Amino acid sequence: MPGMSTAGPRVRRLAHPDADIRARAFGLPRGRPVVLLLGASGDLDTDLAAALLPVLRSVLVTAVQRDAAVITGGADTGVAHLTGLAAQALDGRRPRLVGVAPSGRVAAEDAQPAPGEVRLNANHDTVVLVPGSRWGEEVPALVRTVDAVAGRRPALAVLVGGDDVARAALVEHLGRDRPLLVLAGTGGLADDIARGAPGDDDLAVLTRGGQVAVVHLDEGPDRIVAVLHRVLGSREFAAPVQPVRVFPRLRFRAPAQRPVVDPGYVLDYPLLADAIHDANQVVAPVLHEQETAALRERERARLLVLLAVAAGFATVSFGALQVWLRDVPWPGVLVAVAGAGAAVLTVLARGGENPDARARAEQLRALYFDHLAAPPAAGEAEREERSRELATEVARHRHEPVSSA
């Protein structure tokens, strides 16, 4: 059912399908993270819609927390309609909702829908209409809208079900090396990707080598929100203000990456060839990353310990100087400064190591050998499924908080 709002979205029309989309000219937000919601344009099953509504509400709340814009198909049907309902149910601030749709498939402003047309969702803020009479003709403009809003900020696509239009949008999205969250259990293309069977086209290649996370709808909003926070708050895309450095930055030389298990072992253990290859491709790079992070922090802590020892020695030396020059005040000042410096350096050295990185490295190493210990896959399909599950576990160990248990 349509939303209760009657104001409707602001409509911006492209002069031609390939026209440039500039955020300022179209009244769109700029330089914000983006959540791109993709799915089938038709009506959703009632039970599925009921299960999706709290998930979409959590997605919108997270978008508000991360100051992200949400982009949909804009029509009052399917995922876009449900997103509008979720936005309407929010208390307080809502994220900017932007829609992109073909002009020949929607009725803009107060026009009555013609046969084959649907209304725009009234809870969206802005809808960009692209010249075209078929669903899918808006995909290039949809991708350019994401580019215009996000700029260099992260843009995460969330796939709910999905059809050929969503497939075309995902090829463009993943082709730009952007992350994808697949909601398994929603049918259509989402379930095909979750099963490791997205087809034999470009999408199969992109999903296998891209940043793809699969979360089942039954796992609830918390897992989905965790992925959103990880991607939208990623420091990889942000430009944080660098703190003022008290000490000169010493160059850290990271060790060269080496395989956990030498690939040459496949000659002696041919049944482990596929497992060793997959583990070296999926687990080993992240394991090396975490081990390097732990080593960097350990070296930093050692440097701080050495500086604390030097500051302590300076404190003792200045104390001896103060005893010798008992009538001169300046050695006492040096004693106080050196003592304070030694105390600060000692505190920093105690907290200098990164136990999370070390714990993640240990978990990833255990995951590596657990994968090798599993029975050989019965076929290529099972191997691909195991590889996808392995990538999901690696992502979980890499980004989720380390358990204190």
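Each remark here, short or long, concerns the structure printed above.
Basis of the calculations
- Residues numbered from 1 in each chain as written.
- Predicted model: local features only at pLDDT ≥ 70, side-chain atom pairs only at ≥ 80, totals over all residues.
- Heavy atoms only, no water.
- Helix = DSSP H or I, 4+ residues; strand = E, 2+ residues; numbered from the N terminus.
- Buried < 20%, exposed > 50% of the residue type's maximum accessible area, 1.4 Å probe, protein only.
- Contact = heavy atoms within 4.5 Å.
- Areas by Shrake-Rupley, 256 points an atom, 1.4 Å probe, with all protein chains shown as cover.
- 1 Å grid on protein atoms, 1.4 Å probe; cavity = no way out; pocket = protein on both sides within 12 Å on 5 of 7 lines; lining within 4 Å.
- Points joined across faces, edges and corners; volume = space filled by probe spheres on them.
- Nonpolar A, V, L, I, M, F, W, Y, C, P; charged D, E, K, R; others polar.
- Pairing = 2+ DSSP bridges.
- Axes fitted to C-alpha atoms, helices over the stretch in contact; angles between N-to-C directions.
- Core = buried A, V, L, I, M, F, W, Y, C linked by side-chain atoms within 4.5 Å.

Peer 1: Is there a simple way to explain the overall build of the protein in this structure?
Peer 2: When helices and strands are counted, the protein shows 13 helices and 10 strands. Per-residue burial over the protein gives 40% buried out of 405 residues. Sequence separation of 24 or more characterises 80% of the internal contacts of the protein that already satisfy a separation of 6 or more. Just so you have it, the protein exposes about 21800 Å², and 54% of that area is on carbon and sulfur atoms.

Peer 1: Looking at this structure, I do not really get empty space enclosed by the protein. What am I missing?
Peer 2: In this approach a probe as big as a water molecule rolls over the atoms, and the regions it shows empty are the leftover space. One pass over the structure, following the stated rule, counts two cavities of 30 Å³ or more. Forming the boundary of the largest cavity are 23 residues, of which Gly39, Ser41, Thr72, Gly73 and Glu138 lie nearest the centre. At the level of elements, β2 (34–39), α3 (78–88), α4 (139–150) and α5 (164–175) are the ones that each hand at least two residues to the lining of the largest cavity. Looking at the lining of the largest cavity element by element, the count peaks at four residues for β2. The class makeup of the residues in the lining of the largest cavity is 14 nonpolar, seven polar and two charged. Its volume calculated, the second largest cavity comes out at about 40 Å³. Around the second largest cavity, the lining residues are Leu36, Leu142, Val143, Val146, His173 and Arg178.

Peer 1: Any chance you could explain the sheet that holds strand β3 (residues 69–72) here in plain terms?
Peer 2: Picture the strands of a sheet paired through backbone hydrogen bonds; they go either parallel or antiparallel. With parallel pairing, the eight strands of this open sheet are ordered in space as β1-β7-β4-β3-β2-β8-β9-β10. Sheet topology places β1 (10–13) and β10 (212–216) at the edges, where each strand pairs with a single neighbour. Neighbour to neighbour, the strand axes of the sheet diverge by 20° on average, direction disregarded. Pairing between β2 and β3: three bridges, direction parallel. Residue pairing across strands places Leu36 opposite Ile71, the latter belonging to β3.

Peer 1: In this structure, what is going on with the nonpolar core? I would like to understand it.
Peer 2: Soluble globular proteins tend to bury their nonpolar side chains together. Counting residues in hydrophobic clusters, the biggest one holds 39 residues, and the most contacted among them are Leu14, Leu38, Ile71, Leu159, Leu170 and Leu180. In terms of residue count, the dominant contributor to this core is α4 (seven residues). Listed in part, the 31 residues of the second largest apolar core include Val35, Val79, Leu90 and Val160.

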